[in-house]
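# Architecture at a glance
Listed below, chain by chain, are the residues.
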Amino acid sequence: MKRREFLTLSTAGAATLGLGALGAPAAFAATAPKLPGEVSRLSNVLTQKGRKLYDNVEVDIGGDRARLFIPQTISMNSTAAIGAVWFYHAASSSHNALNGGFKYPGELVVDQNSIAICINAGGTQYTNSIATTAQKNAWTYLNSLYTVRRNFLRATSFGGSLACYTYGKKLIPYIRGLYMVNGLYDNEWLYAYDTKNQAHVGDAYNNDPTLIKGTNPARISATPWTNSRVKVLVSDDAHPDNVVVPSKNGLALVNKIKLVAADTQVMYHTLGHETPGFAHTDMIKTFAQWSV
């Protein structure tokens, strides 16, 4: 399978766009119809690497904002099955992370003829009812417009909590794998560890330990993770991540599910809580492996 096809189940028309760093960009497309709840749109954007045209669209989904990178090769209401990558932002961030730290990997997703989406999920709400409802609503919204049949999850820092809960509880269907960088897995650990509540996990649950426990991804048993695919990037012991301690989070997740999962991978880096540059292309490579 060609890498540019890794997320798509139907790639008709994709070859005409000259994908790849040296490919010629397509001509500007006619203005696409507005999406439901559309707030703003930047049309005819070219990806940095593949020079592929896409629209950068902000939408309102039931009161929660989301940003999408939509390749211009993808049409609404088409029966051609496509893939989507869901980006989970860090605390004190928003759906606009897709215009920031997630922009380059988001464009790499576009290069694969797939949709990149980042939802606000209420802001820094971890896995409370606001965040989980926003996740479910966003899937209903996306699935009403496009035939998405492969969902991939990409989380960073405290965004790992909602990504892990989404996967473990199957809040959306067709999940093919989770790629998590320095990601949170255990909300109860964070609540005890972050005594100053700088991560706002206590705020999300009114400082009620019972509520934190009730939707803690680390409380999900191994069984729902059967046949799952997870890769975690964590900093090594010589370069400790003191924000999200790997042994209590990414590594703890892998250790719990490795006997039942279809694939678990761990990759180490030396940047503490910073995201290593190689994570972006490695994400694409990993999703390609999980698509075969």
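Looking up the protein in an unreviewed UniProt entry gives the name Twin-arginine translocation signal domain-containing protein, with the organism given as Cryobacterium flavum.

This paragraph deals with the overall build of the protein. What the protein contains, in helices and strands, is 8 helices and 9 strands. Relative to its 292 residues, the protein shows a buried fraction of 55%. For the protein, the proportion of contacts with a sequence separation of at least 24, taken over those separated by at least 6, is 73%. Total accessible area on the protein is roughly 12,100 Å²; 52% of this is exposed by carbon and sulfur atoms.

Let's shift gears to the sheet that holds strand S2 (residues 53-61). Taken in spatial order, the 9 strands line up as S1-S2-S3-S5-S4-S6-S7-S8-S9 in an open sheet, and their pairing is mixed. Pairing within the sheet leaves two strands with one partner each, and these edge strands are strand S1 (38-46) and strand S9 (263-269). Strand after strand, the sheet turns through a mean of 15 degrees between neighbouring axes, direction not considered. Direction of pairing for strand S7 (residues 175-181) relative to strand S8 (residues 229-235): parallel, over a ladder of 4 bridges.

As a further point, take helix H8 (residues 279-291). Here H8 is 13 residues long and its end C-alpha atoms lie 18 Å apart, about the 18 Å a rise of 1.5 Å per residue gives. Burial analysis of H8 places 10 of its 13 residues in the buried class, which makes it a mostly covered element. Those residues of H8 that sit buried are Ala279, His280, Asp282, Met283, Ile284, Thr286, Phe287, Ala288, Trp290 and Ser291. Elements in contact with the buried residues of H8: strand S4 (82-88), helix H1 (103-111), strand S6 (148-156), S7, S8 and S9.

How each quantity is defined
- Residues numbered from 1 in each chain as written.
- Predicted model: local features only at pLDDT ≥ 70, side-chain atom pairs only at ≥ 80, totals over all residues.
- Heavy atoms only, no water.
- Helix = DSSP H or I, 4+ residues; strand = E, 2+ residues; numbered from the N terminus.
- Buried < 20%, exposed > 50% of the residue type's maximum accessible area, 1.4 Å probe, protein only.
- Contact = heavy atoms within 4.5 Å.
- Areas by Shrake-Rupley, 256 points an atom, 1.4 Å probe, with all protein chains shown as cover.
- Pairing = 2+ DSSP bridges.
- Axes fitted to C-alpha atoms, helices over the stretch in contact; angles between N-to-C directions.
- Expected span 1.5 Å × (residues − 1).

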